[in-house]
Amino acid sequence: MDSEALRKFSALHPRPAGLTLHYGTAGFRSAAQQLDHVVFRMGLLAALRSKAVTATIGIMVTASHNPEEDNGVKLVDPLGEMLHPSWEEYATQLANAEEQELQKVITEICQKAAVNLHKDASVFIGRDTRPSSKKLSQSVIDGIQVLGGQYHDYGLVTTPQLHYMVCCQNTQGQYGKATLEGYYEKLSKAFMELIKQSHCSGEFQRHLKIDCANGVGALKLSEMKPYFPQEVLIHIYNDGTKEKLNHLCGADFVKVHQKPPGGLDMKPNERCCSFDGDADRIVYYYKDTAGHFHLIDGDKIATLISIFLKELLAKVKQNFKMAVVQTAYANGNSTRYLQETLKVPVHCVKTGVKHLHHKAQEFDVGVYFEANGHGTVLFSKAAETKIRQLVTEEKDNEKREAAKMLENMIDLINQTVGDAVSDMLVIEAILALKGLSVQQWDALYTDLPNRLLKVQVADRRVIDTTDAERRALTPPGLQEKIDALVKKYKLSRAFVRPSGTEDVVRIYAEADTQENADALAHEVSLAVFHLAGGKGAPPQPI
Ligand SMILES: CC(=O)N[C@H]1[C@@H](OP(=O)(O)O)O[C@H](CO)[C@@H](O)[C@@H]1O
Ligand SMILES: [Mg+2]
């Protein structure tokens with residue numbers, strides 16, 4: 001380690017006194033001006049991780065759906081997965097180390113994680129469109145170079161595109177070509193092959209309005225447009241030329257407020273969708289002829305994909321094990337529909353993509369989605385190999401055609417992480433193949449009315465949870481209080497958990513009517529405020 005270079009460069013990226021940050025659900029998130037030292041040090045950590053696993057590591061500068069003034073950084077592991085949990089602690093230690101202790105902390109990490117500093121390091125970098133992202137990614141480069149690492153800066157890319165690049169690189173191109181063209185070509189080819197099998201294709205044009213949250217998704221979708229077939233007409237809104245990132249638009253806004261984004265004019269029954277700021281989430285929606293807004297969230301996306309895959313899996317007759325993975329935020333009626341009507345096993349895990357991804361890896365076909373629209377499908381290596389073999393060798397027409405559709409699904413879906421662009425194409429293909437309208441899709445089941453709230457407390461870590469975050473262990477008395485409140489309503493459920501990305505406690509409630517869901521959520525938020533050290537004024541009724 002070049003101690004002199006480390007000293008010199010860390011002085012250029014000083015840590016504000018007294019600032020402590022944690023590597024949370026989605027890496028570090030904070031006000032952009034607090035992050036320069038963090039991203040520099042994450043450049044160091046990415047180089048260390050690369051040396052430790054002898055593979056290319058990704059590093060993405062983004063704060064996703066959070067306000068434009070915020071920013072964040074997260075690391076991507078060799079196959080495009082989230083950073084291994086054992087390294088999150090190193091990330092936190094490195095980010096919070098005093099400047100003069102930096103070298104010591106690095107040495108400690110090297111010892112604990114058996115890192116050989118003499119090895120090469122290779123890091124891929126990406127960033128979103130936030131004004132602060134460019135400078136922060138320069139600081140990432142400083143960190144990588146101090147430890148003698150090589151880097152490739154992809155500049156503006158969606159988060160899932162960076163995950164894809166890392167996976168391509170580390171599989172020596174087996175997953176695809178590690179370029180933007182490679183990504184566009186792979187997805188568009190699979191998409192066109194899929195809709196070729198649709199009877200409707202060519203007969204009508206498919207219109208889709210997309211709210212890009214004024215983020216990087218707009219740029220990348222525009223780049224991809226020439227690769228789309230003529231039948232697919234995508235119309236991009238909130239492309240970042242006029243308004244602020246994520247402001248009154250984007251997938252998170254639409255999901256949380258359960259209303260359409262600004263900047264997109266919706267005619268009755270038009271199919272629309274929203275990406276979030278870094279294009280790793282998507283939700284669909286439409287307005288009916290009476291003017292009512294209908295949200296089609298991650299749960300309903302998972303349901304549509306599961307129906308489609310289950311039918312194909314039945315046709316190929318391979319006894320593949322399929323399951324859906326959700327979190328506690330999944331709408332109760334989605335879980336019921338999947339288990340009782342579709343008869344697919346459902347598993348509930350803790351919030352955060354890494355937990356869903358990890359669980360989904362246990363199955364031949366693991367569909368995972370967060371209610372907020374982040375999700376994908378994972379195919380086991382064995383299932384993928386078998387499917388590709390059936391495509392070339394199977395004599396039975398129906399079986400071979402089904403295998404071919406599955407093969408195209410494997411290529412269309414970004415298996416490294418949830419990807420708004422890829423998910424959108426998967427959904428459009430399924431709707432075309434099944435001849436489903438957005439209303440028919442929506443009508444699969446009716447969401448239970450629900451409400452998501454947040455409360456500020458002095459220290460959100462006083463809330464400890466269990467049972468995939470569905471029950472609170474501490475502070476004492478809180479869970480008993482929630483249980484009593486839930487009993488007052490029909491079809492009700494509520495839980496609270498500390499957010500991993502914001503300094504808040506989140507409250508979720510659902511019940512038979514919107515009024516009851518709102519009332520329950522409010523009562524639970526008061527309980528949190530009083531029992532978990534609420535800050536400021538008590539929460540007001542909705
Ligand atoms: C209720 C909710 O939507 N929580 C989100 C949010 O996490 P929190 O830990 O709840 O802040 O951001 C995560 C990262 O994007 C995402 O994985 C998760 O689903
Ligand atoms: Mg995001």
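Residues numbered from 1 in each chain as written. Chains lettered and ligands numbered in written order. Predicted model: local features only at pLDDT ≥ 70, side-chain atom pairs only at ≥ 80, totals over all residues. Heavy atoms only, no water.

(A) Up close: the overall build of the protein chain. Within the protein chain, the regular secondary structure consists of 18 helices and 19 strands. Its C-alpha radius of gyration of 23 Å places the protein chain within 12% of the 24 Å reference for a compact globule of 542 residues. Structurally, the protein chain occupies a C-alpha span of about 65 × 60 × 45 Å along its principal axes. Across the 542 residues of the protein chain, 59% fall into the buried class. Total accessible area on the protein chain is roughly 21,600 Å²; 51% of this is exposed by carbon and sulfur atoms. Within the protein chain, the 67 negative side-chain charges are centred at a point lying 2 Å from the centre of the 63 positive side-chain charges. (Helix = DSSP H or I, 4+ residues; strand = E, 2+ residues; numbered from the N terminus. Rg over C-alpha atoms; globule rule 2.2 N^0.38 Å. Buried < 20%, exposed > 50% of the residue type's maximum accessible area, 1.4 Å probe, protein only. Areas by Shrake-Rupley, 256 points an atom, 1.4 Å probe, with all protein chains shown as cover. Lys, Arg positive; Asp, Glu negative; His and termini not counted. Charge placed at Lys NZ, Arg CZ, Asp CG, Glu CD.)

(B) Up close: the environment of Ile 125. Tracing the sequence through the fold places Ile 125 in strand β4 (residues 122–127). Assessed through its relative accessible area of 0%, Ile 125 is described here as buried. Among all residues touching Ile 125, those that are not within four sequence positions of it are Ile 59, Ser 137, Val 140, Ile 141, Ile 144, Tyr 151, His 152, Asp 153, Tyr 154, Gly 155 and Leu 162. (Contact = heavy atoms within 4.5 Å.)

(C) Here's a closer look at the packing of helix α3 (residues 85–96) against helix α4 (residues 102–112). Two elements in contact, α3 and α4, have axes separated by 10 Å at closest approach and are oriented at 170 degrees. What the angle tells us is that α3 and α4 run roughly antiparallel. Where α3 abuts α4, its residues Trp 87, Tyr 90, Gln 93 and Leu 94 lie against Leu 102, Val 105, Ile 106, Ile 109 and Lys 112. Residues that form the contact of α3 with α4 fall into these classes: seven nonpolar, one polar and one charged. (Axes fitted to C-alpha atoms, helices over the stretch in contact; angles between N-to-C directions. Parallel < 35°, antiparallel > 145°, perpendicular 65-115°, else oblique. Nonpolar A, V, L, I, M, F, W, Y, C, P; charged D, E, K, R; others polar.)

(D) Spatial organisation of the packing of aromatic side chains. This structure, assessed with the given rule, holds 13 aromatic pairs. Relative to Tyr 154, the ring of Phe 124 has its centre 5.1 Å away and its plane inclined at 70 degrees; by these criteria the two rings are edge-to-face. Of this pair, Phe 124 sits in strand β4 while Tyr 154 is found in strand β5 (residues 150–156), placing the two residues 30 residues apart along the sequence. Overall, Phe 124 belongs to the buried group, its relative accessible area being 6%. With centroids separated by 5.8 Å and ring planes inclined at 55 degrees, the aromatic side chains of Tyr 164 and Tyr 175 adopt a geometry described as tilted. Taken together, the positions of Tyr 164 in helix α6 (residues 159–170) and Tyr 175 in the loop between α6 and α7 (180–196) put the pair eleven residues apart, joining distant regions of the chain. Comparing Tyr 164 with Tyr 175 shows no difference in burial state: the two are buried. Following the ring pairs from residue to residue traces out a cluster consisting of Tyr 164, Tyr 175, Tyr 183, Tyr 184 and Tyr 227. (Phe/Tyr/Trp six-rings, centres within 6.5 Å; stacked < 30°, edge-to-face > 60°.)

(E) Structural context of the coordination of the magnesium ion (ligand 2). All of the protein donors around the magnesium ion (ligand 2) are Ser 64 (OG), Asp 276 (OD), Asp 278 (OD) and Asp 280 (OD); their distances to the metal are 2.0 to 2.1 Å. Spacing between the donor residues of the magnesium ion (ligand 2) along their common chain follows S-x211-D-x1-D-x1-D. Just as Asp 276 is buried, Asp 278 falls in that class too. (Donors = N, O, S within 2.8 Å, 3.2 Å for Na, K, Ca; no water.)

(F) Inspection of the state of the cysteines at higher detail. Scanning the entire structure with this criterion turns up zero disulfides. No disulfide involves Cys 212; its sulfur sits 7.7 Å from the nearest other cysteine sulfur, which is in Cys 273. Overall, the relative accessible area of 0% leaves Cys 212 in the buried class. For the unlinked cysteine Cys 249, the closest cysteine sulfur is that of Cys 212, found at 9.4 Å. On the accessibility criterion, Cys 249 (2% relative accessible area) is buried. (Disulfide = S-S within 2.5 Å.)

(G) Up close: helix α18 (residues 514–531). The terminal C-alpha atoms of α18 lie 25 Å apart, and with 18 residues this matches the ideal 26 Å at 1.5 Å per residue to within 8%. Among the residues of α18, those classed as buried are Ala 517, Asp 518, Leu 520, Ala 521, His 522, Val 524, Ser 525, Ala 527, Val 528 and Phe 529. (Expected span 1.5 Å × (residues − 1).)

(H) Here's a closer look at the UniProt feature "binding site: substrate" (unreviewed entry) in the protein chain. The sites that UniProt annotates as "binding site: substrate" (unreviewed entry) are Glu 370, Ala 371, Asn 372, Arg 497, Pro 498, Ser 499, Gly 500, Thr 501 and Arg 506. Inspection of the secondary structure puts Ala 371 in the loop between β13 (365–369) and β14 (375–379). For Ala 371, a relative accessible area of 5% translates into the label buried. The contacts of Ala 371, once residues within four sequence positions are left out, are Lys 255, Asp 297, Gly 298, Asp 299, Tyr 329 and Ala 330. The topology assignment puts Thr 501 in the loop between β18 (493–498) and β19 (505–510). Residues contacting Thr 501, with those up to four places away along its chain left out, are Thr 25, Ala 26, Arg 29 and Arg 506. (UniProt positions renumbered as here; feature names shortened; annotations may be inferred.)

(I) Fine view of the environment of Thr 466. Take Thr 466: it is sitting in strand β16 (residues 464–466). Note on Thr 466: relative accessible area 34%, which makes it partly exposed. In sequence terms Thr 466 and Ala 509 are 43 residues apart; their C-alpha atoms lie 17 Å from each other. Beyond its immediate sequence surroundings of up to four residues, Thr 466 is in contact with Arg 471 and Leu 473.

(J) Region of interest: the sheet that holds strand β3 (residues 70–76). Here we have five strands laid out as an open sheet, ordered β1-β3-β2-β4-β5, and mixed in their pairing. Looking at the sheet topology across the chains shown, the edges are occupied by β1 (28–31) and β5. Sheet twist, expressed as the average angle between the axes of neighbouring strands with direction ignored, equals 15 degrees. Where strand β2 (residues 56–61) lies against β4, six bridges are found, and the strand directions are parallel. Paired with Met 60 across the strands is Gly 126, a residue of β4. (Pairing = 2+ DSSP bridges.)

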